[in-house]
Amino acid sequence: MTLLTKLCLATFCSATILIVTILPAEYGIDATGLGKKLGLLALSKSSSTTSFKHDLSFNIGNYDPKAERINESVQGLIHLEEVPFQSQVIDIEIEDLGEVEYKFIMPSDTSFVYSWEVLNSRGEGVYYDFHGHPSSADAKHYPDKFEMAYARGEGTSQNGSFTSPFTGYHGFYFMNIEEGPIIVRLVISGYWQDHQEMYRAIEGKVIKNVKF
């Protein structure tokens, strides 16, 4: 069989499949009458009459389509931020028997995702306390010495996401429970106004203590 003969045969087979099966099943075109006998016409009718029965609804209120932004939305689906999105990689050096507290100043209901890890761990890593508290100016609106704990424990790493329950300082306290100095690498992305090391001590001796 020559190449030309093979090509002609392949073309004929393809055309036959198109006319006999595909056109009746997809488009309801039955030139040969075989589509009806094979039940293929019913497929075209069912697919053409199928309709989307779910009601579409929008969770936003009335708005001007020419406006630069939509200011109304269902809580929890989207939250518009006033501060810009940021990403930071922060290496926190902690001396032998050292303690460090690193905080992020955040408005209420803003979020970040984070991951921290002891880079050169040789043992148990750190004791950590992830918590938050209001600024001194806002403290009068809360119980005396108010503080909210989010996570506590010991380990060499942690990954998570966080949404601030109130405006204030939110972040991490690390205590070195290994022998020798360590480095805690904090990788964080999200929304905050500022961040800094707030507290540092070595063997209980306070080296830095920033007023909140």
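Residues numbered from 1 in each chain as written. Predicted model: local features only at pLDDT ≥ 70, side-chain atom pairs only at ≥ 80, totals over all residues. Heavy atoms only, no water.

Asker: Lay out the overall build of the chain in plain terms, naming residues and giving numbers.
Answerer: Helix and strand content of the chain: 3 helices and 10 strands. The secondary structure elements of the chain, listed N-terminal to C-terminal, are α-α-α-β-β-β-β-β-β-β-β-β-β. A buried classification covers 30% of the 212 residues belonging to the chain. Pairs at least 24 apart in sequence give 74% of the contacts found in the chain among residues at least 6 apart. Total accessible area on the chain is roughly 14100 Å²; 56% of this is exposed by carbon and sulfur atoms. (Helix = DSSP H or I, 4+ residues; strand = E, 2+ residues; numbered from the N terminus. Buried < 20%, exposed > 50% of the residue type's maximum accessible area, 1.4 Å probe, protein only. Contact = heavy atoms within 4.5 Å. Areas by Shrake-Rupley, 256 points an atom, 1.4 Å probe, with all protein chains shown as cover.)

Asker: Tell me what's going on with the packing of aromatic side chains, and back it up with residues and numbers.
Answerer: In total, this model carries 20 aromatic pairs according to the counting rule given. Pairing Tyr150 with Phe162 gives two aromatic rings, centres 4.7 Å apart and planes at 50°, and the pair type is tilted. Separated by 12 residues along the polypeptide, Tyr150 in strand S5 (residues 148-155) and Phe162 in strand S6 (residues 157-163) bring together distant segments of the chain. We classify Phe162 as buried; its relative accessible area is 7%. The rings of Tyr102, Phe104, Phe112, Tyr114, Trp116, Tyr128, Phe130, Tyr150, Phe162, Phe172, Phe174 and Trp192 are connected pair by pair, giving a single aromatic cluster. (Phe/Tyr/Trp six-rings, centres within 6.5 Å; stacked < 30°, edge-to-face > 60°.)

Asker: An account of unusual backbone geometry is requested, with residue identities and associated values reported.
Answerer: Of note in the backbone geometry, Lys145 takes a positive phi value of approximately 60° without being a glycine. With respect to the secondary-structure elements, Lys145 resides in the loop between strand S4 (126-133) and S5. Of note in this structure, Glu203 is not a glycine but carries a positive phi near 50°. Locating Glu203 in the fold gives a position in the loop between strand S9 (194-202) and strand S10 (205-209).

Asker: Describe the sheet that holds S5, and please don't skip the residues or the numbers.
Answerer: The antiparallel open sheet is built from 6 strands, whose spatial order is S5-S4-S7-S2-S9-S10. Of all the strands in the sheet, the pair left with one neighbour each is S5 and S10. Here the strands of the sheet are splayed against their neighbours by 15° on average, with no regard to which way each runs. Summarising the sheet, S4 and S5 pair through 7 bridges and their orientation is antiparallel. Pairing of Phe130 across the sheet is with Ala151, part of S5. (Pairing = 2+ DSSP bridges. Axes fitted to C-alpha atoms, helices over the stretch in contact; angles between N-to-C directions.)

Asker: How would you explain the pattern of salt bridges if you had to name every residue and give the values?
Answerer: Per the stated rule, a full pass over the model turns up 7 salt bridges. Here Glu197 and Arg200 are joined by a salt bridge, their closest N and O atoms 2.8 Å apart. Relative accessible area serves as the criterion here: at 16%, Glu197 is assigned to the buried category. Its relative accessible area of 12% is what places Arg200 among the buried residues. Connected through salt bridges with shared partners, the residues Glu95, Glu197, Arg200 and Lys208 form a single ionic network. (Salt bridge = Lys/Arg side-chain N within 4 Å of Asp/Glu carboxyl O.)

The analysis is restricted to geometry; functional conclusions fall outside its scope.
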